[in-house]
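# Observations on the three-dimensional arrangement
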Amino acid sequence: MISIPHKTKQFLVLLIKLLIVGGAFYFIYNQLANNDKLDWQKFIVLFQKNQSVLGITFILVLSVMNRYFEILKWHNLVQYIQKINIAEATKQVLAALTAGLFTPNGVGEYAGKALYYDKKDTKKVVFLNLICNGIQMVLTVIFGVFGLLYFNTKYAVITSQTVAIVFGALLLLFILLFFVKKITLKGYSIEKLIHKINEIPKSIHQKNIFLGICRYTVFSHQYYFLFLAFDVDLPYLTLIATISSVYFLASSLPTFQFLDFAVKGSVAVYFFGILGVNEWIVIFISTLMWFLNVVLPVIIGSYYVLNFKSNKITTSTSLSEINLTIKK
């Protein structure tokens, strides 16, 4: 193994920190400044018309709650390998969010959290992060399917035959997974994965599911209240079903965190267009959701990235190692 001098290592660590933070802020600025679909004049007029200190405070509180539930989820799960306090969990979650901003599907987030722990715990940390993100994805799928079905009964976007084919394909997939769960690939199998999940106490899983539901409820209703703020007058169930459908379909697409609002925005434009909602309102709300729930936490996370203790970094812990662990 090649030995790197201490001063060189310190310089490389500082360079990586600056690249992460600089890259994050560049992508944020680029998306806000060069998006020709954002009509700031209309936004200012509508904001001045409906501005309310109480309303703005309420929306910001929902953003804090959204990220706080994610912190509580990580704090709950990581207790399985190491006891940490809420402040430490906050630091890890926000720093990892910043590191994962411009990596595919937030892979950098896994590496960011793993760097806070000993190398021997890397696989465990990655596995716990998979569970943390996995339960949120499962909830998004469950609520999204119900939302899509409700939306479809009202507006018939998908034919009943297509719905039947999709559910048939899902049923076939579950049956296949059940029969192949013992098949081993490079020492890993579905059965072994289930066994590893079951090693974690049920109380941790139950709390993780509860916190995941809380988080989903918060950010979906933040979306809902923003539509109300922009004078969109639609029935509650219709709006919530549409929001659930948008999150479900947008989350199914591979993307980068910094493009998250663009992906969700494009899907939202289609669905809310069916409801007759103005395109610029949909794009603005999607952008605001991204700004409130990604950009603001990344700004705080940048502080933690710049103050990351370099003595916890080992030359053998790399993004490729994290990526390999995730694939397994």
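The shown structure was predicted, so the numbers you read here are calculated from the model rather than taken from an experiment.

### Thoughts on the overall build of the protein chain
Each helix and strand in the protein chain was counted, giving 13 helices and 0 strands. When the elements of the protein chain are put in sequence order from the N terminus, they spell out α-α-α-α-α-α-α-α-α-α-α-α-α. Looking at the 328 residues of the protein chain, the share that counts as buried comes to 44%. Of all intrachain contacts in the protein chain linking residues separated by at least 6 positions in sequence, the fraction that spans at least 24 positions is 77%.

### A few points about the UniProt feature "transmembrane region" (unreviewed entry) in the protein chain
In the numbering used here, UniProt assigns the feature "transmembrane region" (unreviewed entry) to residues 12–32, 52–69, 126–151, 157–180, 223–250 and 280–306. In residues 126–151, helix accounts for 100% and strand for 0%; the two terminal C-alpha atoms are 36 Å from one another. The distance separating the terminal C-alpha atoms of residues 223–250 is 14 Å; by composition the span is 79% helix and 0% strand.

### Points about a nonpolar patch on the surface
The grouping of Val138, Ile142, Phe146, Leu149, Phe167, Leu170, Leu173 and Phe174 at the surface amounts to a nonpolar patch, some 760 Å² of accessible area in total. The set of elements that each furnish at least two residues to the nonpolar patch consists of α6 (122–155) and α7 (160–180). Examined against the element boundaries, Leu170 turns out to sit in helix α7.

### Considerations on the nonpolar core
A general trend in soluble globular proteins is that nonpolar side chains are found buried together. With 33 residues, the main nonpolar core has Tyr223, Phe227, Phe272, Val277 and Ile285 as its most contacted residues. Only α6, α9 (202–229), α10 (236–251), α11 (260–274) and α12 (279–306) provide two or more residues apiece to this core. By residue number, the principal contributor to this core is α12, which donates 8 residues. Ignoring anything within four residues of it in the chain, the contact list for Phe227 reads Val232, Leu239, Phe272, Val277, Val282 and Ile285. Within the second largest apolar cluster, 20 residues are counted, among which are Leu77, Ile84, Ile200 and Phe308.

### What to know about the pattern of salt bridges
Per the counting criterion, the structure on display carries 5 salt bridges. Put simply, Lys73 and Glu70 hold a salt bridge, and the shortest N to O gap is 3.3 Å. On the criterion of helical spacing, the pair formed by Lys73 and Glu70 is a turn pair, its members being 3 residues apart in helix α3 (residues 53–78). One salt bridge in this structure joins Arg215 and Glu70, with 2.9 Å as the shortest N-O distance. One end of the pair, Arg215, is in helix α9; the other, Glu70, is in helix α3, and 145 residues separate them in sequence. Exposure class is identical for Arg215 and Glu70. Each is buried. Three or more residues are tied together by salt bridges with common partners; here these are Glu70, Lys73 and Arg215.

### Observations concerning unusual backbone geometry
Its identity is not glycine, yet Asp231 carries a phi of approximately 65°, on the positive side. Among the secondary structure elements, Asp231 is positioned in the loop between α9 and α10. Overall, Asp231 belongs to the partly exposed group, its relative accessible area being 45%.

### Some thoughts on the environment of His205
Looking at the secondary structure, you find His205 in helix α9. Since its relative accessible area comes to 18%, His205 is described here as buried. Between the C-alpha atom of His205 and that of Asn76, which follows or precedes it by 129 residues, the distance is 8.9 Å. The residues touching His205, leaving out its near neighbours within four places in the chain, are Ile131, Ile197 and Ile200.

### What about the packing of aromatic side chains?
Taken as a whole and assessed by the stated rule, the structure comprises 16 aromatic pairs. Ring plane angle 65° and centroid distance 5.1 Å describe the contact between Tyr216 and Phe219, whose orientation is recorded as edge-to-face. One end of the pair is Tyr216 and the other is Phe219, both in helix α9 and 3 residues apart, which spans about a single turn. Each member of the pair, Tyr216 as well as Phe219, is classed as buried. Measuring from ring centre to ring centre gives 6.3 Å for Phe230 and Trp280, while their planes differ by 70°; the resulting arrangement is edge-to-face. Residue Phe230 is found in the loop between α9 and α10, and its partner Trp280 is found in helix α12; the two are separated by 50 residues along the sequence.

### A few points about a positive patch on the surface
On the surface, Lys123, Lys124, Lys192 and Lys196 cluster together to form a positively charged patch. Contributing elements (two or more residues each) for the positive patch: α6 and α8 (190–199). Examined against the element boundaries, Lys124 turns out to sit in helix α6.

### Here we look at helix α5 (residues 107–114)
With 8 of its 8 residues buried, α5 lies for the most part within the structure. Every buried residue of α5 is accounted for by Val107, Gly108, Glu109, Tyr110, Ala111, Gly112, Lys113 and Ala114.

### A word on the environment of Asn129
Its location among the elements puts Asn129 in helix α6. Residues Asn129 and Val78, 51 residues apart in the sequence, show an inter-C-alpha distance of 8.7 Å. Look past the residues within four positions of Asn129 in its chain and what remains in contact with it is Trp74, Glu109, Tyr110 and Lys113.

The rules we used
Residues numbered from 1 in each chain as written. Predicted model: local features only at pLDDT ≥ 70, side-chain atom pairs only at ≥ 80, totals over all residues. Heavy atoms only, no water. Helix = DSSP H or I, 4+ residues; strand = E, 2+ residues; numbered from the N terminus. Buried < 20%, exposed > 50% of the residue type's maximum accessible area, 1.4 Å probe, protein only. Contact = heavy atoms within 4.5 Å. UniProt positions renumbered as here; feature names shortened; annotations may be inferred. Patch = residues over 30% accessible without salt bridge, like charges linked within 9 Å, V, L, I, M, F, W, Y side chains within 5 Å. Areas by Shrake-Rupley, 256 points an atom, 1.4 Å probe, with all protein chains shown as cover. Salt bridge = Lys/Arg side-chain N within 4 Å of Asp/Glu carboxyl O. Core = buried A, V, L, I, M, F, W, Y, C linked by side-chain atoms within 4.5 Å. Phe/Tyr/Trp six-rings, centres within 6.5 Å; stacked < 30°, edge-to-face > 60°. Lys, Arg positive; Asp, Glu negative; His and termini not counted. Charge placed at Lys NZ, Arg CZ, Asp CG, Glu CD.

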